Amino acid sequence: MVNRSLALRTVACAVALTGLAGSGLAQAADPATLSVCMSEDNAPLSMGRKGKLSGFDVQMAEAVASELGRPLRLVPFESELEQDANFPIEVNALLSAGVCDLVSGFPLLAADLGQPGRLKAKPPDYPGAKRPRDRADVLLGNLVASQPYQGMALQLVQRLDVPAASGLGGLRGQKVGAVAGTLEGTLIATFQGGALVPGMVSMGKLDDRWAALESGKVDAMLMPSTAWDVYRQRVSGAPLRLRAGAPISLGINVGWVALAGQPELIEAVNRVAGREAQLQQWAQDAGLQRLPPTEPAVARELTLTALLKP
């Protein structure tokens, strides 16, 4: 027999939560609510401030929820900064723990989809999560991806008073910033057997790259195109002291992921990802350079030929 008191409490809870849908706060939600996790540090795709999310992915999430006819709950999460952190595993743990139904902003590499490389993992930080030491490991599932909605690229950013370069080979003789533990830093350090090492300035992940460039500590840096997008917005209306080259594709796309067995979620994302005119408008609203996805949709490896030319 149905516990009438319990049923009434459940309905009351669902009604109370309706007003919180889309607020960006991670709280218990009615099963009909579509919960979407987004990195709080992936501007201009997604960025968190005081528990609220904004950016291109938020507009996509609203459209996906509308496609499904479900209220939306956004959950910001913080990827770990440790060297051994594994973003695909963190995303899988969020989904497998039931924190969210979908995760946006996922680089589509074949090795990171399907069966995970480990059996269990702890979810990363999100509002309402227990302390890491008290957080339980969860059994991981298989990840499936949507169609891509954005390409990934790097850009060479330089001071205006140094010779313009179209590739790493043009940076010889310049002070080149290299952030340890990043793809960009590794490319600078290893280019042509260390050709740029004499002028390389090592930097940490928390160092202010823009201050280093504007002050002249470094003349050039290799950065994700999204970092340049954020900088352009930050200095909007003021004279630019830096320039950026054309985006150089990595041959990797960005998509959404869910656990296997929920095709309706991925199908809804795919329908939204196919609305190119709308994506262009959202990109303009968010200050994002619209980089159309490349082929194949899911890459097997990075494409670095354009960057590594002499």
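Here the structure is a predicted model, which means the values were calculated and not measured. By convention here, each chain's residues receive numbers from 1 onward along its written sequence. Given that this is a predicted model, residues contribute local features only at a pLDDT of at least 70 and side-chain atom pairs are listed and counted only at 80 or more, while totals for whole chains, interfaces and linings are drawn from all residues. Calculated side-chain values reflect all of the structure's heavy atoms, with hydrogen atoms and water omitted.

A. Expanded view of the overall build of the protein. Within the protein, the secondary structure is distributed over eight helices and 15 strands. Whether a residue is buried, partly exposed or exposed follows from its accessible area with a 1.4 Å probe, protein chains only, as a fraction of its type maximum: under 20%, in between, or over 50%, in that order. Within the span of the protein, comprising 310 residues, buried residues form 44% of the whole. Whether two residues are in contact is decided by their heavy atoms, any of which lying within 4.5 Å being enough. Restricting to contacts in the protein with at least 6 residues of sequence separation, those with at least 24 account for 74%. Starting at the N terminus, helices and strands are each numbered in turn, a helix being any DSSP run of H or I of at least four residues and a strand any DSSP run of E of at least two.

B. The arrangement of helix α7 (residues 263–273) in detail. The set of residues buried in α7 consists of Leu265, Ile266, Ala268, Val269, Asn270, Val272 and Ala273. The inward-facing, buried residues of α7 contact β1 (34–39), α2 (56–68), β6 (102–107), β9 (143–145), β15 (248–259) and α8 (276–286).

C. Layout of the packing of α2 against α8. Interaxial angle, 0 to 180 degrees, is taken between N-to-C directions of lines fitted to C-alpha atoms, where a helix line uses only the stretch in contact. Close contact between α2 and α8 brings their axes to 8 Å; oriented N to C, the two are set at 140 degrees. Viewed along their axes, α2 and α8 adopt a mutual orientation that is oblique. Here the hand of the crossing between α2 and α8 comes out right-handed. Residues Phe56, Gln59, Met60 and Ala63 of α2 form the contact with α8, whose participating residues are Leu279, Trp282, Ala283, Asp285 and Ala286. Here the nonpolar group is Ala, Val, Leu, Ile, Met, Phe, Trp, Tyr, Cys and Pro; Asp, Glu, Lys and Arg are the charged ones; every other residue, Gly included, is treated as polar. Classifying every residue of the contact of α2 with α8 gives seven nonpolar, one polar and one charged. For this classification, under 35 degrees means roughly parallel, over 145 means roughly antiparallel, 65 to 115 means roughly perpendicular, and everything else is oblique. By convention the crossing between two helices is left-handed if the near helix lies anticlockwise of the far one by an angle smaller than a right angle, and right-handed if it lies clockwise.

D. View of the sheet that holds strand β2 (residues 41–42). Strand pairing is assigned whenever DSSP detects at least two bridges linking the two strands. Taken in spatial order, the three strands of this open sheet run β2-β3-β4, and their pairing is antiparallel. If you trace the sheet from one side to the other, it starts and ends with β2 and β4 (52–54), each paired once. Examined bridge by bridge, strand β3 (residues 46–49) and β4 share three bridges and lie antiparallel to one another. Residue pairing for β4: Arg49 is matched across the bridge by Lys52.

E. Structural context of the nonpolar core. Grouping buried Ala, Val, Leu, Ile, Met, Phe, Trp, Tyr and Cys residues that are joined through side-chain atoms within 4.5 Å yields what is termed a nonpolar core. Ranked by size, the top nonpolar core spans 30 residues in total, and within it Val36, Phe56, Leu102 and Trp256 carry the most contacts. Where this core is concerned, the elements lending two or more residues are β1, α2, β5 (72–77), β15, α7 and α8.

F. View of the state of the cysteines. By definition, disulfides here are pairs of cysteine sulfur atoms that lie within 2.5 Å. Using the criterion set out here, one finds one disulfide in the structure. Note on cysteine connectivity: Cys37 is disulfide-linked to Cys100, with sulfurs 2.3 Å apart. Its S-S torsion of approximately -105 degrees makes the covalent link between Cys37 and Cys100 left-handed. Of the two residues, Cys37 is situated in strand β1 and Cys100 in the loop between α3 (87–96) and β6; the sequence distance between them amounts to 63 residues. Considered together, Cys37 and Cys100 belong to a single accessibility category, that of buried residues.

G. Summary view of the packing of aromatic side chains. Side-chain rings of Phe, Tyr and Trp, where Trp is taken by its six-membered ring, are said to pair if the distance between their centres is within 6.5 Å; with planes under 30 degrees apart they count as stacked, over 60 as edge-to-face, and otherwise as tilted. Here the structure, examined in full by the defined rule, presents seven aromatic pairs. Between Trp210 and Trp228, the ring centres sit 6.2 Å apart and the planes meet at 45 degrees, which makes this aromatic pair tilted. Here the residue Trp210 occupies a position in helix α5 (residues 209–215), and Trp228 occupies one in helix α6 (residues 225–234), the gap between them amounting to 18 residues. Trp228 carries the same exposure label as Trp210, and that label is buried. Ring geometry for Trp228 and Tyr231: centres 5.4 Å apart, planes at 25 degrees, overall stacked. Pair noted here: Trp228 and Tyr231 are both in helix α6, with a separation of three residues, about one helical turn. Like Tyr231, Trp228 is buried. In textbook terms, an aromatic cluster arises when at least three aromatic residues are bridged by ring pairs, as seen for Phe56, Tyr149 and Trp282.

H. Summary view of the environment of Glu78. Tracing the backbone shows Glu78 in the loop between β5 and α3. Every residue in contact with Glu78, bar those within four places of it in the chain, is listed here: Glu40, Pro124 and Asp125.

I. A look at the side chain of Asp229. Within the fold, Asp229 resides in helix α6. The residues contacting Asp229, other than those within four sequence positions of it, are Pro44, Gly287, Leu288 and Gln289.

J. Just unusual backbone geometry, in detail. A cis amide bond, omega 0 degrees, links Ala43 with the succeeding residue Pro44. Among the structural elements, Pro44 can be located in the loop between β2 and β3. A cis amide bond, omega 0 degrees, links Glu295 with the succeeding residue Pro296. Inspection of the secondary structure assignment puts Pro296 in the segment after α8. One non-glycine residue, Gln192, lies in the positive phi region at around 45 degrees. Tracing the sequence through the fold places Gln192 in the loop between α4 (183–190) and β12 (200–203).

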